[in-house]
Amino acid sequence: MYTIELDDEELRLLRSALGSYLQAFGHKEADVLRGAKHLMIKLPDPAAVAAAS
């Protein structure tokens, strides 16, 4: 397992990049889509993080 620290802007950028990555794939890449969606679920919502601070 790896741990990385991201500030709010880095987290926003990562979520945006991953969302764009998801949109670039079609049905033939179902395994990639599943993996990317699983990763998105693990990322905290920047708004929730900001509210908790």
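See above for the structure.
Keep in mind it's a predicted model, so treat the numbers as computed, not measured.

Draft legend 1. Fine view of the overall build of the chain. Looking only at helices and strands, the chain has three helices and zero strands in total. Listing every helix and strand of the chain by position from the N terminus yields α-α-α. What you see for the chain is a C-alpha radius of gyration of 13 Å, clearly larger than the 10 Å of a compact globule of 53 residues, by over 25%. A principal-axis box enclosing the C-alpha atoms of the chain has dimensions of 40 × 25 × 15 Å. Counting the 53 residues in the chain, one finds 15% classified as buried. Entry remark: accessible area of the chain is about 4600 Å², with carbon and sulfur atoms responsible for 59%. Looking at charge distribution, the chain has the averaged site of its 6 positive side-chain charges lying 13 Å from that of its 8 negative ones.

What counts and how
- Residues numbered from 1 in each chain as written.
- Predicted model: local features only at pLDDT ≥ 70, side-chain atom pairs only at ≥ 80, totals over all residues.
- Heavy atoms only, no water.
- Helix = DSSP H or I, 4+ residues; strand = E, 2+ residues; numbered from the N terminus.
- Rg over C-alpha atoms; globule rule 2.2 N^0.38 Å.
- Buried < 20%, exposed > 50% of the residue type's maximum accessible area, 1.4 Å probe, protein only.
- Areas by Shrake-Rupley, 256 points an atom, 1.4 Å probe, with all protein chains shown as cover.
- Lys, Arg positive; Asp, Glu negative; His and termini not counted.
- Charge placed at Lys NZ, Arg CZ, Asp CG, Glu CD.

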